[in-house]
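Observations on chain architecture
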Amino acid sequence: MNGCADPCREGFLSRLRDEFLVTRADARTIVGNFHQEMRRGLAGQPSSLRMLPTFARRPRGTERGRLLVLDLGGTNVRVGEAVLDGNGRAELTAVDRSVLPREIMSVSGAELFDFLAGCVDSFLRERGLDDRRRRDLAFTFSFPLEQSSLVSGRLVNWTKGFTVPGVVGKDVAALLRASLARRGRERIRVAALVNDTAGTLAAGSYADRACDLGVILGTGTNACYFEQAERIETCRAGGAAEEMIVNMEWGNFNRLRTNPWDELLDRTTSNAGRQRLEKMISGMYLGELVRLVIAKMMAAGLLPRGTNHAVFATPYALTAERLAAAVRSADPAVALGIDGAFPWDGEAVGRICSLVAARGARLAGAAIAAVISWRDGELETGHVVAIDGSLFEKFPGFRDNMREMLRELFGPRAAGITFRLVPDGSGIGAAVAAAVGPRTGWGAGPC
Ligand code: GLC
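The paragraphs below set out a description of the structure included in this document. In this text the structure is predicted, and so the values were computed from the model without any measurement.

Considerations on the overall build of the protein
The secondary structure content of the protein amounts to 15 helices and 15 strands. For the protein, whose C-alpha radius of gyration is 22 Å, the value lies close to the compact-globule estimate of 22 Å for 447 residues. The principal-axis extent of the C-alpha atoms belonging to the protein is close to 75 × 50 × 35 Å. Sorting the 447 residues of the protein into buried and exposed places 56% on the buried side. Within the protein, counting contacts between residues at least 6 apart in sequence, those at least 24 apart form 71% of the total. For the protein, the accessible surface area stands at approximately 17,700 Å², while carbon and sulfur atoms represent 50% of it. Across the protein, 57 positive and 51 negative side-chain charges occur, with their mean positions spaced 3 Å apart.

Some words on the sheet that holds strand β10 (residues 221–228)
Here we have six strands laid out as an open sheet, ordered β1-β12-β10-β9-β13-β14, and mixed in their pairing. The open sheet has two edge strands, β1 (52–57) and β14 (417–421), and neither has a second partner. Neighbour-to-neighbour, the strand axes of this sheet turn through a mean angle of 25°, independent of strand direction. For strand β9 (residues 211–217) and strand β13 (residues 383–388), the ladder comprises five bridges, and the chain directions are parallel. When the bridges of β13 are listed, valine 215 appears paired with isoleucine 387. Across the face of the sheet, helix α12 (residues 343–375) comes into contact with β9, β10, β12 (243–247), β13 and β14 while running at roughly 160° to β9.

Here's the deal with the packing of aromatic side chains
Per the counting criterion, the structure on display carries 14 aromatic pairs. Considering the side-chain rings of phenylalanine 12 and tryptophan 261, the 6.2 Å spacing of their centres and the 65° angle between planes classify their relative orientation as edge-to-face. Taken together, the residues span a long stretch of sequence, with phenylalanine 12 in helix α1 (residues 5–19) and tryptophan 261 in helix α6 (residues 260–267) at a distance of 249 residues. Exposure class is identical for phenylalanine 12 and tryptophan 261. Each is buried. An angle of 20° between the planes, with centres 6.4 Å apart, marks the rings of phenylalanine 113 and phenylalanine 141 as stacked. Linking phenylalanine 113 in helix α3 (residues 109–126) with phenylalanine 141 in strand β5 (residues 135–141), this pair joins segments that are 28 residues apart in sequence. Both residues of the pair, phenylalanine 113 and phenylalanine 141, belong to the buried class.

Observations regarding the pairing of β13
Most of β13 is tucked away, with six of its six residues classed as buried. Alternating positions in β13 separate into two faces, His383, Val385 and Ile387 on one and Val384, Ala386 and Asp388 on the other, with burial throughout.

Focus on the site of the ligand
Around the ligand, 15 residues are found, and the nearest of them are Lys160, Asn195, Asp196, Glu249 and Glu278. A distance of 3.0 Å separates an oxygen atom of the ligand from a polar atom in the side chain of asparagine 222. For the ligand, an oxygen atom lies 2.5 Å from a polar atom in the side chain of glutamate 249. Considering the ligand on its own, with 310 Å² of exposed area, one finds that the protein chains cover 98% of that surface. Elements that contribute at least two residues to the shell around the ligand include exactly α5 (196–207) and β10.

Focus: the environment of methionine 105
Relative to the helices and strands, methionine 105 is located in the loop between β4 (90–99) and α3. The exposure class of methionine 105 is buried, given its relative accessible area of 12%. Here the alpha-carbon distance between methionine 105 and glycine 161, two residues 56 residues apart in the chain, equals 7.1 Å. Not counting the four nearest positions on each side in its chain, methionine 105 is found in contact with Lys160, Gly161, Phe162, Thr163 and Val164.

Side note on the sheet that holds β5
Strand pairing in a sheet takes place through backbone hydrogen bonds and is either antiparallel or parallel in direction. Strand order in the open sheet made by the five strands is β4-β3-β2-β5-β8, with mixed pairing throughout. Strand pairing shows two members of the sheet lacking a second neighbour, β4 and β8 (188–194), which therefore form its edges. Taking each pair of neighbouring strands and ignoring which way they run, the sheet shows an average axis angle of 25°. Those strands touched by α3 are β2 (64–72), β3 (76–85), β4, β5 and β8, and its axis lies near 50° from that of β3.

Points about unusual backbone geometry
Even without being glycine, methionine 51 reaches a positive phi, approximately 50°. Within the element layout of this structure, methionine 51 appears in the loop between α2 (24–42) and β1. In this structure, tyrosine 316 is a non-glycine residue whose phi angle is positive, near 65°. Structurally, tyrosine 316 can be placed in the loop between α9 (309–313) and α10 (320–328).

Here's the deal with the packing of α3 against helix α4 (residues 172–182)
As a packed pair, α3 and α4 sit with axes 8 Å apart at the nearest point and diverge in direction by 60°. As α3 runs across α4, the sense of the crossing is right-handed. Two secondary-structure elements touch here, α3 through Ala110, Phe113, Asp114, Leu116, Ala117 and Val120 and α4 through Val172, Leu175, Leu176, Ser179, Leu180 and Arg182. Here the contact of α3 with α4 is composed, by residue class, of nine nonpolar, one polar and two charged.

A word on the pattern of salt bridges
For the structure shown, the criterion picks out 31 salt bridges. One salt bridge in this structure joins arginine 351 and glutamate 10, with 3.6 Å as the shortest N-O distance. Of this pair, arginine 351 sits in helix α12 while glutamate 10 sits in helix α1, and the two are 341 residues apart along the sequence. Taking relative accessible area as the criterion, arginine 351 reaches 37% and is therefore assigned partly exposed. A relative accessible area of 41% means that glutamate 10 is categorised as partly exposed. The shortest N-O distance in the salt bridge between arginine 17 and aspartate 18 comes to 4.0 Å. Its relative accessible area of 46% is what places arginine 17 among the partly exposed residues.

Let's talk about the state of the cysteines
Applying the stated criterion across every chain, the model contains zero disulfides. Looking at the unpaired cysteine 224, the closest cysteine sulfur is the one in cysteine 211, lying at 8.8 Å. On the basis of relative accessibility, which here comes to 0%, the residue cysteine 224 falls in the buried class.

Conventions adopted
Residues numbered from 1 in each chain as written. Predicted model: local features only at pLDDT ≥ 70, side-chain atom pairs only at ≥ 80, totals over all residues. Heavy atoms only, no water. Helix = DSSP H or I, 4+ residues; strand = E, 2+ residues; numbered from the N terminus. Rg over C-alpha atoms; globule rule 2.2 N^0.38 Å. Buried < 20%, exposed > 50% of the residue type's maximum accessible area, 1.4 Å probe, protein only. Contact = heavy atoms within 4.5 Å. Areas by Shrake-Rupley, 256 points an atom, 1.4 Å probe, with all protein chains shown as cover. Lys, Arg positive; Asp, Glu negative; His and termini not counted. Charge placed at Lys NZ, Arg CZ, Asp CG, Glu CD. Pairing = 2+ DSSP bridges. Axes fitted to C-alpha atoms, helices over the stretch in contact; angles between N-to-C directions. Phe/Tyr/Trp six-rings, centres within 6.5 Å; stacked < 30°, edge-to-face > 60°. Near = heavy atom within 4 Å. Polar contact = N/O pair within 3.5 Å; in protein donor to acceptor, adjacent residues only side chain to side chain. Left-handed = near helix turned anticlockwise from the far one by under 90°. Nonpolar A, V, L, I, M, F, W, Y, C, P; charged D, E, K, R; others polar. Salt bridge = Lys/Arg side-chain N within 4 Å of Asp/Glu carboxyl O. Disulfide = S-S within 2.5 Å.

Pasting the structure below:
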């Protein structure tokens, strides 16, 4: 390393710390901007928060049922059977989980839905459920949907690196039905079509009435909450004093301070200019941000190149899982595959990983604060936030940083906010939404 490396490196790292900082003042601005965008989105005005009506209602906790569940996430697909006991307890039994083959993100629409129908078909076959009976299926589809009812919705746009052609603008429940029919499974009825956040909220509130916010912190990030139906101007749901789940698509929120790394990352994505908050928080992008920083440092001689060049030369090769391992490790450089590094190199690498992840967690905390204060400005009641996703579940320190952000914004009142991990909530909640059923009188189009 040349003579300037240390001071240069300290200068680089301290600039990096400033670039990834989210101060309390920043967070307050984000909360205010969130409220403006929420208001606009609900009124059908241009907004980076889509505020999509889902036609899913608040469960009572007494709904019963046994339904098939198909859950398409950003990285996995799961098929299972959900059982609701009518007493606030719901579980996913007999689950088949598979990692989505990478190619599936860009195959044709028919191939994607045939693949999903194939997963349902093998699930039924393997369990001897091949009796061609009429069955209800709850379908979790973790992308933005413009819904016209609880059982139909058009894909608004792809996110999380998906580019499958011929699906945007189409009703994904109809595409699934067509693929199921091609497999001779036409007796399967789509009884609910829900976004994964809506599923998480439905599952959380089935178990606990105080739950009013559903959040996903995984490959992507998003949230939904219960809104007074009459405040949703973009659908015919007014009049009734009832609540509907609104899918915010907060990953697309864009009124925040980005840094040069965010700009660099955004430019090379298939959806440049969109999903800006998601690209700062979620599991798909955290590793990539760190990769960009480390590759730059290596090129500038501020870190040794090590021997594992492929990880730092290949976009998205550095995963959030790897980052988590580095944060946990006594030698973060080795954990990332930088062999031959000195201890202080390892320390620098560890600092970079923690910095980038902490910003993501603090932004997630600020976004949660925005939705809670929208519902309850003075925090008069307790709030339970149902959360699913590997980042929240497994990334070291992520939830502590989220909590810390809430404390900075709300002071002692933050203690009234509980985070509840709802594993498999996205799928279970789709079954809950189906069991609650549609409400007559709610429909697409402005009131
Ligand atoms: C992306 C999708 C959104 C989904 C989230 C979490 O942001 O657009 O619909 O809820 O990922 O999976």
